[in-house]
Amino acid sequence: DTGVSQNPRHKITKRGQNVTFRCDPISEHNRLYWYRQTLGQGPEFLTYFQNEAQLEKSRLLSDRFSAERPKGSFSTLEIQRTEQGDSAMYLCASTPGKKAGQGLDYGYTFGSGTRLTVV
Amino acid sequence: QKEVEQDPGPLSVPEGAIVSLNCTYSNSAFQYFMWYRQYSRKGPELLMYTYSSGNKEDGRFTAQVDKSSKYISLFIRDSQPSDSATYLCAMSGTGGFKTIFGAGTRLFVKA
């Protein structure tokens, strides 16, 4: 297992276009998270999946954003009608979730991110 | 006021120095405290993970949590140029899954 994989690494798109990013988590991890990071800031929570179920979405995730995790494996994040304010690094992370007898694991393994530039 | 406050730096130190990085927070529900290291154009990498108050040591790194003061620290001993990165504090509540990150402190270790 090579860790959390994100594709593409970079995406430049024109304002108004739709974009889709993919995340492949560590195979045995059942929790998957999307975060957004802008320059000089820490990552901000967008959404979270437990297996295939999307359990929480941030208010940051407007109606133009949608995320899926079919079959509880890889996940996609789509942004429709992109705006310049969407320019950021989109980070995916995964965790094993609850381990038997060990409680919850809060330490994320992040991917290298997808850097989106909207021009 | 942000839930997690972290001085953005930059912090510049000579090689071999002891580095102290700090964060304060306002939400008393936070129970899990993490430090991540992020190199330029890379995703954050988990360095230290602590539950509740106390100290935790791992090699050259020591994490401290003082819940009474809502204050966490990361100490780096014998700092190396390879430690030059942005250090993010992060925290989460019991049963929660959303982690709140600080803005990060940029550290430069000069050879």
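To be clear, the structure that these remarks concern was listed above.
Because the structure is predicted, anything quoted here is derived from the model rather than measured.

> Where do I start with the side chain of T50(B) in this structure?
Looking at where T50(B) falls in the secondary structure, it is placed in strand β5 (residues 45-51). Among residues more than four places away in sequence, those in contact with T50(B) are Q31(B), Y32(B), F33(B), K56(B), A63(B) and V65(B).

> Got a minute to help me understand the sheet that holds strand β7 (residues 61-66) of chain B in this structure?
All names here are of chain B. Here 5 strands make up an open sheet; going across it, the order is β1-β3-β8-β7-β6 and the pairing antiparallel. Sheet topology places β1 (4-6) and β6 (54-58) at the edges, where each strand pairs with a single neighbour. Across this sheet, the average inter-strand angle for adjacent strands is 15 degrees, counted without regard to direction. Summarising the sheet, strand β3 (residues 19-25) and strand β8 (residues 71-76) pair through 6 bridges and their orientation is antiparallel.

> Mind showing me how you'd approach the sheet that holds strand β8 (residues 75-79) of chain A here?
The pairing of strands in a sheet comes from backbone hydrogen bonds and takes either a parallel or an antiparallel form. Residues and elements named next belong to chain A. Here 4 strands make up an open sheet; going across it, the order is β1-β3-β8-β7 and the pairing antiparallel. The open sheet has two free edges, formed respectively by β1 (5-7) and β7 (65-68), since each of these has just one partner strand. Adjacent strand axes in the sheet meet at a mean angle of 15 degrees when their direction is disregarded.

> Please clarify how the state of the cysteines should be interpreted in this entry.
Simply put, the disulfide is a covalent bond whose two ends are the sulfur atoms of two cysteines. Within this structure, the stated rule accounts for 2 disulfides over all chains. The residue that forms a disulfide with C23(A) is C92(A), at a sulfur-sulfur distance of 1.9 Å. Sign of the S-S torsion, about -70 degrees for the bond between C23(A) and C92(A), identifies this disulfide as left-handed. Of the two residues, C23(A) is situated in strand β3 (residues 19-24) and C92(A) in strand β9 (residues 88-95); the sequence distance between them amounts to 69 residues. The pair C23(A) / C92(A) is uniform in exposure class, with both members buried. Covalent S-S linkage joins C23(B) and C89(B), the inter-sulfur distance amounting to 2.0 Å.

> So what exactly am I meant to see when it comes to the interface of chain A and chain B here?
In this complex, chain A contributes 23 residues to the contact, which on the side of chain B involves 23 residues. Each partner contributes to the roughly 1800 Å² buried at the junction of chain A and chain B, and carbon and sulfur atoms together form 54% of this total. Looking only at chain A, the three residues that lose the most surface to chain B are Y106(A), Y108(A) and F110(A), adding up to 33% of its buried area. Counting the contacts that link chain A with chain B gives 0 salt bridges.

> What am I meant to see in the pairing of strand β9 (residues 85-93) of chain B here?
The side chains of a regular strand alternate between the sheet's two faces. All names here are of chain B. Most of β9 sits inside the fold, with 9 of its 9 residues counted as buried. Of the pairings in the sheet, the one linking strand β4 (residues 30-38) to β9 comprises 8 bridges and is antiparallel in character. The partner of F33 across the bridge, within β9, is M91. One ladder, built from 2 bridges, connects β9 with strand β10 (residues 100-101); its direction is antiparallel. Paired with M91 across the strands is I100, a residue of β10.

Calculation rules
- Residues numbered from 1 in each chain as written.
- Chains lettered and ligands numbered in written order.
- Predicted model: local features only at pLDDT ≥ 70, side-chain atom pairs only at ≥ 80, totals over all residues.
- Heavy atoms only, no water.
- Helix = DSSP H or I, 4+ residues; strand = E, 2+ residues; numbered from the N terminus.
- Contact = heavy atoms within 4.5 Å.
- Pairing = 2+ DSSP bridges.
- Axes fitted to C-alpha atoms, helices over the stretch in contact; angles between N-to-C directions.
- Disulfide = S-S within 2.5 Å.
- Buried < 20%, exposed > 50% of the residue type's maximum accessible area, 1.4 Å probe, protein only.
- Buried area = accessible area lost by both parts, 1.4 Å probe.
- Salt bridge = Lys/Arg side-chain N within 4 Å of Asp/Glu carboxyl O.

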